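# Remarks on the overall topology
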Amino acid sequence: MKRQNLVVVGGGSTYTLGMIMSLIEEKKNFPLKSITFYDINEERQEKIAKATEVILREKYPELDSFHYTTDKKEAYTNADFAFVQIRTGGLQMREKDEQIPLKYDAVGQETCGPGGMAYGLRSIGDMINVVNDIREYAPNAWILNYTNPAAIVAEALRREFPHDDKILNICDMPAAIMVSYAKILGKEIWDLVPEYFGLNHFGWFTNIYDKQGNRLTDDIKRAITDNGFIPEDSEIVNDPSWIKTFKQVETMLNDFPDYLPNTYLQYYLYPSDMVAKEEMTNTRARQVINGREKRVHTMSDQIIKDQSTENVELEVDIHGCYMIRVAASLAYNNGDTFIVIVENNGLISNLQSDAMVEVPAALTSRGPKPYAVGEIPTFQKGLIEGQLAFEKLVVDAWYERDYNKLLQALTLNRAVVDAPKARQILDDLIEVNKDYWPELKQLQPVQG
Ligand code: G6P
Ligand code: MN
C-alpha cells in the first residue's frame, strides 16, 4: 500500500487531536508517510502541533515526518490528501451567528438558518482561496472538505471548480447517527449499510441494512420509540446539548414516522422549541469555548509539559475514523459506501439536477459513484426545495453582492419565515460581519 502525505488545513482546530488519534487507530487502513499542519493562526496551531509531535512520537513511529507551517507552498507541495477544516471568524463569530437571530426569536445555529447563512458568506471566499492554493502546489491531491456550512460551501465549490473532480465535501453527522444505530443493534457502524437522501444537515435515512442484506430499519425505529435515542460517539456522548438533540429524534419520529431523520431537521421542524431552549449568554459556541476548546488546550499543555501522553485521556472518535476510511476508499479504490455530498444529476429524480445532495456513494479512485435514490415523497421534496432555494440564493448573493437575494433567502428559510424579521436579522448580521462579507448592493423600490 502506498503511504500517503497528508496535510491538515486548519491545524489549530479543536478537532485536530481527535483526528490524530483516529489516524493512529486507522494506520493499517490508511498508512501515512507524512503529516503536515497548515493554519493562518500560528500561535493557535503551535500548541496543538507541539502536543501532536509528542503523540506521534509515542504512537506513530512509522511516520517519516511531521511538521507544521503557515507557509502554503511548504504545506501543500507533495500532498496526496488535504483534510480541510477551517472556521473563518472562529468561535467568536459563531457565537454572534447564534445570538443575533435569537434576539428576534429565530433559530440561532452554526449551520442552520441565519447563522448558517452568515457563516456561509464568511466561508466561501476563504474556501475558494484554499482550493486554489492547494491546486497550485498539489494539482492531484484529494481535497476532503469538512468546512461548514457544508451545503453552502459545496454549492460554491461546485460553481467555482466545475471540472475539479478531486474535491469531496463530507459531513460526519450521518456517521455520528449511525454509531447510535449500531449500538442499538449491538453491531459496529462498519456493519451497517445506509440508504439516505437529502441536503447536508437536511436529510433522512430511508433504510438501514446489514452487510448480509437484512433490513434493520424497523428494529431501529421501534427501539427509538420505546427507549429513546442517545449519542454514542465518544466526542459527543456526555454532552448535554447533544443528548437533547438526539432526544428530539424521538419526537421527530413520532410526528413523521416514515423515515429516520438527521438530527439537524429539529431546527426546521420545531423552530419555536429550539428558540425557547436557548440561553442568549450560553449558546453552543460559548459551550464549545468553555468545554471542548478548554479541554483540548489544557490537554495539549499537559502533553507538552510532560513530553508524554501518560497523564491525559486521549480518545479515538468514530467521526475521525469515518473520514479516514473515506480517504482510504478513495486512495486504494476500496469501493466502500459512505454518505457524501455530490451533485444530484438525477440521483433524486424529482429534484433539480444542479443541487448538491447528500447520498450514499461507493468511493473509488475515480471518485464517488453515488447510488440512485429515485423519486422522493412530497413532504420531503417540499422541505428540500425550500432549503435548496435558500442555499442557492446565499451563494448567488455572495457572487453578485446582492442584499435582496439574502433577504429572499432568509424569508424562505423555515428558521425565519417572516420578511420583516428577516430584514432585521440581515441588517444586524451585515453590521457584525463587516470584516468578512463582501459589500452588498441593495436594490431600491421603484419611486413615484
Ligand atoms: C456535527 C456536524 C458538524 C458540526 C458539529 C458541531 O459534527 O456534522 O457539521 O460542526 O456537529 O458540533 P459542536 O459540538 O461544535 O456544536
Ligand atoms: Mn456536518
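Residues numbered from 1 in each chain as written. Chains lettered and ligands numbered in written order. Predicted model: local features only at pLDDT ≥ 70, side-chain atom pairs only at ≥ 80, totals over all residues. Heavy atoms only, no water.

Just so we agree on the cut-off: UniProt positions are given in the numbering used here, feature names are shortened, and annotations may be inferred rather than shown by experiment.
In the annotation of an unreviewed UniProt entry, the protein is listed under the name 6-phospho-alpha-glucosidase and assigned to Salipaludibacillus keqinensis. As recorded by UniProt, the Sequence similarities (unreviewed entry) comment attached to the protein reads in full: "Belongs to the glycosyl hydrolase 4 family."

### A word on the coordination of the manganese ion (ligand 2)
Tetrahedral coordination by four donors places them ideally at 109.5 degrees to one another around the metal; octahedral coordination by six donors ideally gives 90 or 180 degrees. Convention followed: With water excluded from the atoms, a metal site may look incomplete; its donors are any N, O or S atoms within 2.8 Å, or within 3.2 Å for Na, K and Ca. The helix and strand labels rest on DSSP assignments: H or I over at least four residues marks a helix, E over at least two residues marks a strand, and numbering proceeds from the N terminus.
Within the protein, the manganese ion (ligand 2) binds to Cys171 (SG) and His201 (NE2); these donor distances fall in the range 2.2 to 2.4 Å. Of this pair, cysteine 171 sits in the loop between β6 (167–169) and α7 (173–185) while histidine 201 is found in the loop between β7 (192–199) and β8 (202–210), placing the two residues 30 residues apart along the sequence.

### As for the packing of α7 against helix α8 (residues 217–227)
Our working rule: Lines fitted to the C-alpha atoms define the axes, with helices restricted to the stretch that makes contact. Angles between their N-to-C directions range from 0 to 180 degrees. Oblique is the label for every angle not falling under 35 degrees (roughly parallel), over 145 degrees (roughly antiparallel), or within 65 to 115 degrees (roughly perpendicular). Here a residue-residue contact requires only that any non-hydrogen atoms of the pair lie within 4.5 Å.
It is the contact of α7 with α8, at a shortest axis distance of 10 Å, that shows an interaxial angle of 90 degrees. The pairing of α7 with α8 is recorded here as roughly perpendicular in orientation. Between α7 and α8, the residues in contact are Tyr181, Ile184 and Leu185 and Asp219, Ile220, Ala223 and Ile224, respectively.

### Some words on the site of ligand 1
Going by this rule: For this purpose, a residue is taken to be near a molecule or strand whenever a single non-hydrogen atom of the residue falls within 4 Å of it. Identification of polar contacts relies on pairs of N or O atoms within 3.5 Å, with a donor-acceptor requirement for protein atoms, meaning one able to donate a hydrogen and the other able to accept it, and with residues adjacent in sequence counted only if both atoms are side-chain atoms.
Neighbouring ligand 1 are 13 residues; Arg94, Asn148, Asp172, Arg284 and Arg292 lie closest to it. With respect to ligand 1, the side chain of tyrosine 264 contributes an N or O atom lying 3.2 Å from an oxygen atom. Arginine 292 places a polar side-chain atom, nitrogen or oxygen, 2.5 Å from an oxygen atom of ligand 1. Per-element accounting of the shell around ligand 1 gives the leading share, three residues, to helix α12 (residues 284–306).

### Things to note about the pattern of salt bridges
The following threshold applies: What makes a salt bridge here is a side-chain nitrogen of Lys or Arg within 4 Å of a carboxyl oxygen of Asp or Glu, nothing more. For each residue, the accessible area found with a 1.4 Å probe, counting protein chains only, is set against the maximum for its type, and the residue is called buried under 20%, exposed over 50%, and partly exposed in between.
Here the structure, examined in full by the defined rule, presents 32 salt bridges. Glutamate 293 is paired through a salt bridge with arginine 44; the nearest N and O atoms lie 2.7 Å apart. With glutamate 293 in helix α12 and arginine 44 in helix α2 (residues 42–59), the pair connects residues that are 249 residues apart, well separated along the chain. The buried category is assigned to glutamate 293, whose relative accessible area is 12%. A salt bridge links aspartate 306 to lysine 305; the shortest N-O distance between them is 3.8 Å. For aspartate 306, a relative accessible area of 22% gives the class partly exposed. What emerges from the salt-bridge pattern is a single network uniting Glu155, Arg158, Arg159, Glu343, Asp354, Lys392, Asp396, Glu400 and Lys405.

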